[in-house]
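Chains, contacts and geometry: an overview
Spelled out from the first residue to the last, the chains are:
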Amino acid sequence: MPIVPDMPDVPAGGGDNQDDRGAARLSGPLFRDESAAPQAPPSPQTGPQEPMTGAAPQPQPPVQPQPQKKSAGRDLGAAIGVGVGLGAVIIASLFIVKAVFVGVIAVAVVVGLWELTSRLEERKGIKAPLVPLAVGGAAMVVAGYVRGPEGAWVAMALTALAVLVWRMTEPPEGYLKDVTAGVFAAFYVPFLATFVAMMLTADDGAWRVLTFLILTVVSDTGAYAIGWRFGKHKLAPRISPGKTREGLVGAVSFAMVAGVLCMQFLIDDGTWWQGLIIGACVAASATLGDLGESMIKRDLGIKDMGTLLPGHGGIMDRLDSLLPTAPVVWLLLVLFVGSG
């Protein structure tokens with residue numbers, strides 16, 4: 001999964017907060033004490049000293065804010081270590097036993113649903129029922145792997161029905177918002193993740209999933225690297241202030257190059273021009289997915305969905321760009337080289 005941490009928006013000149021602190025220094029105790037010159041303490045020989053007159057306070061030069069270096073805002077070492085560990089588990093399960101990788105997807109889905117529903121209840125008082133979501137979400141992934149798109153849609157419909165019925169066991173207050181959030185969570189997390197399981201069913205399914213993962217990671221890496229070095233123009237400042245247009249160009253460029261290489265060397269019957277298309281589409285879907293989860297987190301007033309992964313946040317903070325990208329890659333690969 002992507003290991004690139006989100007880049008916070010840190011103004012190059014130190015920001016407005018430092019200007020406020022500089023202004024506070026100029027209006028603080030220093031200027032109040034200088035309204036009169038300091039008086040010498042009284043002594044037994046001379047008695048109290050008369051205040052000195054005619055001495056005006058010396059003006060102090062304004063305090064200039066010191067520029068701050070950009071900071072990644074996360075423990076980059078921990079982020080890389082966790083990312084490498086997760087990558088090793090994913091690759092091992094992907095190429096050894098496909099069924100084990102389906103289990104990895106199901107576990108990620110259940111943990112992601114737990115994080116999402118927990119934050120909804122904590123921040124908004126929305127009680128999306130976790131039990132039917134977790135059971136239905138895991139079943140959805142398995143159904144997609146065993147029965148394809150039809151199985152995924154049937155499992156999605158049954159999960160939505162289970163959410164409606166499960167919530168009926170509680171008082172009616174808030175029923176509509178709870179079940180709406182539950183159906184949204186079922187679609188957003190397990191249903192989109194099911195397309196990864198469906199990629200796996202092809203003869204070269206492991207290589208299709210690997211291509212999907214590589215392109216998403218490369219897109220995120222390109223956006224981070226180029227945006228960090230050259231980013232000046234904000235992409236969506238109200239949603240994610242750290243994202244820049246230059247970073248989007250980096251994401252598209254990196255993903256298109258990676259797409260050409262993956263389609264040429266990893267996918268049976270793939271061609272270079274198909275890689276260009278897939279790479280550009282992955283960059284767009286990954287960026288939209290990242291912005292979508294940022295929108296949810298801003299509405300909830302939180303920075304991360306969880307704390308399970310040091311340096312990354314929660315599982316949902318790593319699935320944000322993967323989930324919407326999965327159906328895009330699955331569909332393009334089916335159109336270009338067949339279902340396998």
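Anyway, here's the lowdown on the structure attached to this text. Being a predicted model, the structure only gives us computed values, none of them experimental. (Residues numbered from 1 in each chain as written. Predicted model: local features only at pLDDT ≥ 70, side-chain atom pairs only at ≥ 80, totals over all residues. Heavy atoms only, no water.)

1. Focus: the overall build of the protein chain
Looking only at helices and strands, one finds 11 helices and 2 strands in the protein chain. Helices and strands appear in the protein chain in the N-to-C order α-α-α-α-α-α-α-β-β-α-α-α-α. Counting across all 340 residues of the protein chain, residues that qualify as buried make up 44%. For the protein chain, restricting intrachain contacts to residue pairs at least 6 apart in sequence, the fraction spanning at least 24 positions comes to 74%. When the accessible surface of the protein chain is summed, it comes to about 17,600 Å², and 67% of that surface belongs to carbon and sulfur atoms. (Helix = DSSP H or I, 4+ residues; strand = E, 2+ residues; numbered from the N terminus. Buried < 20%, exposed > 50% of the residue type's maximum accessible area, 1.4 Å probe, protein only. Contact = heavy atoms within 4.5 Å. Areas by Shrake-Rupley, 256 points an atom, 1.4 Å probe, with all protein chains shown as cover.)

2. Considering the packing of aromatic side chains
Tallied over the full model, the rule gives 8 aromatic pairs. Residues Phe184 and Tyr188 carry aromatic rings whose centres are separated by 5.4 Å and whose planes lie at 15 degrees to one another, so their mutual orientation is stacked. With Phe184 and Tyr188 both in helix 6 (residues 175-199) and 4 residues apart, the pair spans about one turn of that helix. The class of Phe184 is partly exposed, set by a relative accessible area of 38%. (Phe/Tyr/Trp six-rings, centres within 6.5 Å; stacked < 30°, edge-to-face > 60°.)

3. Some remarks on the pattern of salt bridges
Under the defined criterion, the tally for this structure stands at 7 salt bridges. One salt bridge in this structure joins Arg208 and Asp204, with 2.9 Å as the shortest N-O distance. Note that Asp290 is salt-bridged to Lys243, the shortest N-O span being 3.1 Å. With Asp290 in helix 9 (residues 272-300) and Lys243 in strand 2 (residues 240-244), this pair connects stretches of sequence that are 47 residues apart. Judged by its relative accessible area of 10%, Asp290 is buried. Judged by relative accessible area, Lys243 falls into the buried class, the value being 17%. Connected through shared salt-bridge partners, Glu293, Lys297 and Asp317 make up one network. (Salt bridge = Lys/Arg side-chain N within 4 Å of Asp/Glu carboxyl O.)

4. A closer look at helix 11 (residues 322-337)
Residues separated by three or four positions in an α-helix point in the same direction, a consequence of the helix having 3.6 residues per turn. Between its terminal C-alpha atoms helix 11 stretches 21 Å, which fits the 22 Å expected from 16 residues at 1.5 Å a residue. Here helix 11 has its buried residues at Leu322, Leu323, Thr325, Ala326, Pro327, Val329, Leu332, Leu333 and Val337. On its buried face, helix 11 is in contact with helix 6, helix 7 (205-230), helix 8 (245-265), helix 9 and helix 10 (315-319). Remark: Gly338 follows helix 11 within two positions and exhibits a positive phi of approximately 90 degrees. (Expected span 1.5 Å × (residues − 1).)

5. Things to note about the side chain of Thr244
The residue Thr244 is located in strand 2 in this model. The class for Thr244 is buried, based on a relative accessible area of 5%. When neighbours within four sequence positions are excluded, Thr244 is seen to be in contact with Gly227, Gly231, Lys232, His233, Lys234 and Leu235.

6. Observations regarding the pairing of strand 2
For a regular strand, side chains alternate in direction, first toward one face of the sheet and then toward the other. In terms of burial, strand 2 is a largely internal element, 4 of the 5 residues being buried. As paired strands, strand 1 (residues 234-236) and strand 2 are joined by 2 bridges and run antiparallel to one another. Opposite Lys234, over in strand 2, you have Thr244 as the bridge partner. In textbook terms, the turn of a hairpin is the stretch between consecutive antiparallel strands, and for strand 1 and strand 2 this stretch comprises 3 residues. (Pairing = 2+ DSSP bridges.)

7. A look at the environment of Val189
Looking at where Val189 falls in the secondary structure, it is placed in helix 6. You can call Val189 buried: its relative accessible area is 0%. Residues Val189 and Leu116, spaced 73 residues apart in sequence, show a C-alpha to C-alpha distance of 9.2 Å. Sequence-distant contacts of Val189, defined by excluding residues within four places in its chain, comprise Val109, Leu113, Leu116, Met316 and Leu323.

8. Re the nonpolar core
In this structure, Phe101, Ile105, Tyr188, Val209 and Phe212 are the most contacted members of the largest nonpolar core, which totals 62 residues. No other element matches helix 6, which puts 14 residues into this core. (Core = buried A, V, L, I, M, F, W, Y, C linked by side-chain atoms within 4.5 Å.)

9. Here we look at a nonpolar patch on the surface
On the surface, Val154, Leu158, Leu161, Leu164, Val165 and Met168 cluster together into a nonpolar patch covering about 560 Å² of accessible area. Residue placement: Val165 occurs in helix 5 (residues 130-167). Relative accessible area serves as the criterion here: at 46%, Val165 is assigned to the partly exposed category. (Patch = residues over 30% accessible without salt bridge, like charges linked within 9 Å, V, L, I, M, F, W, Y side chains within 5 Å.)

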